[in-house]
Amino acid sequence: MQVNYHEIETLNYPVFLGDELWTKIGEFLYPYLSYSGVYILTDENVHRFCLPALVDNIPGFSDIPVYSLPASEKAKEVTALEDVWKWLINNGASRDSILVNLGGGVVSDLGGFAAATFNRGMSYINIPTSLIGQADAAIGGKTGINLLGMKNQAGLFADPAAVFIMPSFLKTVPELHIKSGWAEIIKSAALAGGGFWDKLKNLGRPDNGMLFDLIAEAVRFKCGVVAADPYDLDTRKILNFGHTVGHSLESLYLALGHDEYTHGEAVASGMICEAWISGKLTGMPENEIDQLTGLICNFFELKAVEERHYAFLSDGLKFDKKKTAHGTGYSLLENIGKPLFGKTVGQSTLLKSFNYYNSKATK
Ligand SMILES: NC(=O)c1ccc[n+]([C@@H]2O[C@H](COP(=O)([O-])OP(=O)(O)OC[C@H]3O[C@@H](n4cnc5c(N)ncnc54)[C@H](O)[C@@H]3O)[C@@H](O)[C@H]2O)c1
């Protein structure tokens, strides 16, 4: 029999990657379907573009209860979480049921949290449909919601029972959100170095035709990092490269109501600041900083940060989850492919990194 998918076995749950995973998903869910119930969480766009394919291709799926979140980062909050719990109760879910998170990072972050806390823990699987979801968010068991306008303030580690990644779902993702996903791919490549980085460097610009291959690289890299440190106590922290400043930017634009501002754009900008900081604190060579920054600028039109917002950004870092009693631990690069973590960054270095970033911004 011809195998048309990869199974990545690094973690203690399977991660499947391929364009025709319907049979695999069906095989996985049938025992729940006949015994304790399957529930699908999605968002309103994914409901429209992806749910019909799932329901049509897996016999017996047409009567499964479905709940659709509003499609945006704003859904990742406590009221939506409560609504999902209530929907599960009202539809007879139990601890033995399974939740299918069909959607982007918002659906898998919130759905994973909802499942892991419902009846003290029901199982869930992720079927990511956005590029961020496929290259990153669906893997690794980090779940959570935003609070008080700040990213991921409540959540827990809870592994999915399986992840099914089908790049064919990306066909209907708006270009803005495909672009957003490139940021996490660039981040993974910069951390991994080697052949993965060379592929991106040689690509130079977005090429959606390369996505299947690059998603596979990003997924393998993330699975390896997560397997070595599942609870983010140590080496997994490298994955936060670009995210310390990035999350602060995301919180700023969330507070300002800029709905089109994406997680990926924030991470792209965060990586530029943190690459510059790396040059100052870890000796990352200038030519590598230029290479990374140049690559990001080829992918993103970057939004300049107004100086009047610098204080909001540096204050926001006080609430960063990566903070300890000794301050926020940054994940930086010594070189492309040589990350390190737990670095403290002084206020003036941080502010100067915003100036460097603004010198690269184009809008
Ligand atoms: N848990 C983790 O490890 C992790 C890692 C990275 C990012 N994240 C989180 O993920 C979120 C960002 O993820 P995202 O970019 O997927 O956000 P998202 O879930 O909001 O999806 C982006 C947009 O794409 C739409 N969409 C998704 N799939 C589609 C499809 N196939 N066709 C048409 N439209 C589609 C969604 O409706 C939404 O409008 C952030 O909240 C971030 O914090 C979590």
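Structure: above.
Below, the structure is looked at part by part. Note that the structure is predicted; figures quoted are calculated from it, not measured.

Moving on: the nonpolar core. Residues V15, W182, I185, L200, L292 and I296 are the most contacted members of the largest nonpolar core, which totals 74 residues. Sort the elements by how many residues they give to this core and helix 9 (residues 211–228) lands first, with 10 residues. Ignoring anything within four residues of it in the chain, the contact list for I296 reads I186, A268, M271, I272 and L302. Listed in part, the 24 residues of the second largest apolar core include F16, I98, A162 and F169.

Once that is clear, we can look at the pattern of salt bridges. Considering all chains together, one arrives at 16 salt bridges under this definition. Between K222 and D136 there is a salt bridge, with its nearest N and O atoms 2.6 Å apart. Note that K222 is positioned in helix 9 and D136 in helix 6 (residues 131–137), a separation of 86 residues in sequence. Two residues, E217 and K199, come together in a salt bridge whose shortest N-O distance is 2.6 Å. With E217 in helix 9 and K199 in helix 8 (residues 194–203), the pair connects residues that are 18 residues apart, well separated along the chain. Residue classification places E217 among the partly exposed residues on the basis of a relative accessible area of 22%. When salt bridges with common partners are traced through the structure, they connect E73, K76, D109, K151 and E250 into a single cluster.

In this section: the site of the ligand. The environment of the ligand is formed by 28 residues, the closest being D43, E73, S130, K151 and T172. For the ligand, an oxygen atom lies 2.8 Å from a polar atom in the side chain of K76. A distance of 2.9 Å separates a nitrogen atom of the ligand from a polar backbone atom of F169. About the coverage of the ligand: the protein hides 94% of its 860 Å² of free accessible area. Every element with two or more residues in the shell around the ligand is listed here: helix 2 (44–49), helix 5 (105–117), helix 6, strand 8 (150–157) and helix 7 (175–192). Looking at side-chain class alone, the shell around the ligand contains 10 nonpolar, 9 polar and 9 charged residues.

What follows deals with the pairing of strand 7 (residues 142–147). In terms of strand pairing, strand 7 meets strand 8 through 5 bridges, oriented antiparallel. If you follow I145 over to strand 8, its bridge partner there is A154. Linkage of strand 7 to strand 8, two consecutive antiparallel strands, is achieved through a turn of 2 residues, within which L148 is found at a positive phi near 50°.

Across all of its chains, the model carries 11 aromatic pairs by this definition. Taking the centre distance of 5.2 Å and the plane angle of 15° together, the rings of F16 and F164 count as stacked. Of this pair, F16 sits in strand 2 (residues 15–18) while F164 sits in strand 9 (residues 162–165), and the two are 148 residues apart along the sequence. The class for F164 is buried, based on a relative accessible area of 0%. Plain terms: the ring middles of F28 and F164 are 5.9 Å apart, the flat faces sit at 70° to each other, and that makes the pair edge-to-face. With F28 in helix 1 (residues 22–35) and F164 in strand 9, this residue pair connects regions lying 136 residues apart in the sequence.

Turning our eyes to something else, we now look at the packing of helix 7 against helix 8. Relative to each other, helix 7 and helix 8 sit at 130°, their axes nearing to 7 Å. The angle between helix 7 and helix 8 falls in the class oblique. Read as a crossing pair, helix 7 and helix 8 show a hand that is left-handed. Here W182, I185, I186, S188, A189, A190 and A192 of helix 7 come into contact with helix 8, specifically with G194, F196, W197, L200 and L203. Among the residues making up the contact of helix 7 with helix 8, the classes are represented as 10 nonpolar, 2 polar and no charged.

With that settled, consider the environment of D315. Take D315: it is sitting in helix 13 (residues 310–316). When the C-alpha positions of D315 and L203 are compared, they lie 37 Å apart, and in sequence the two are 112 residues distant.

Turning next to the packing of helix 7 against helix 12 (residues 286–299). For the pair helix 7 and helix 12, interaxial distance at closest approach is 10 Å and the crossing angle is 165°. Relative to helix 12, the element helix 7 is oriented roughly antiparallel. Pair helix 7 / helix 12 crosses with right-handed handedness. Counting all contacts with helix 7, which are made through K179, W182, I186 and A190, the residues of helix 12 involved are L292, L295, I296 and F299. Tallied by class, the residues present in the contact of helix 7 with helix 12 amount to 7 nonpolar, no polar and 1 charged.

As a further point, take the sheet that holds strand 9. Taken in spatial order, the 7 strands of this open sheet run 1-2-9-6-5-3-4, and their pairing is mixed. Every interior strand has two partners, whereas the edge strands, strand 1 (5–8) and strand 4 (66–69), have only one. Strand-to-strand twist across the sheet, computed as the mean angle between neighbouring axes with direction ignored, equals 20°. Summarising the sheet, strand 2 and strand 9 pair through 3 bridges and their orientation is parallel. For L17, the partnering residue across the bridge sits in strand 9 and is I165. Helix 5 contacts strand 3 (38–43), strand 4, strand 5 (98–103) and strand 6 (123–128) of the sheet and is inclined by roughly 165° relative to strand 5.

Each value, and the rule that gives it
- Residues numbered from 1 in each chain as written.
- Predicted model: local features only at pLDDT ≥ 70, side-chain atom pairs only at ≥ 80, totals over all residues.
- Heavy atoms only, no water.
- Core = buried A, V, L, I, M, F, W, Y, C linked by side-chain atoms within 4.5 Å.
- Buried < 20%, exposed > 50% of the residue type's maximum accessible area, 1.4 Å probe, protein only.
- Helix = DSSP H or I, 4+ residues; strand = E, 2+ residues; numbered from the N terminus.
- Contact = heavy atoms within 4.5 Å.
- Salt bridge = Lys/Arg side-chain N within 4 Å of Asp/Glu carboxyl O.
- Near = heavy atom within 4 Å.
- Polar contact = N/O pair within 3.5 Å; in protein donor to acceptor, adjacent residues only side chain to side chain.
- Areas by Shrake-Rupley, 256 points an atom, 1.4 Å probe, with all protein chains shown as cover.
- Nonpolar A, V, L, I, M, F, W, Y, C, P; charged D, E, K, R; others polar.
- Pairing = 2+ DSSP bridges.
- Phe/Tyr/Trp six-rings, centres within 6.5 Å; stacked < 30°, edge-to-face > 60°.
- Axes fitted to C-alpha atoms, helices over the stretch in contact; angles between N-to-C directions.
- Parallel < 35°, antiparallel > 145°, perpendicular 65-115°, else oblique.
- Left-handed = near helix turned anticlockwise from the far one by under 90°.

Structural measurements only, silent on function.
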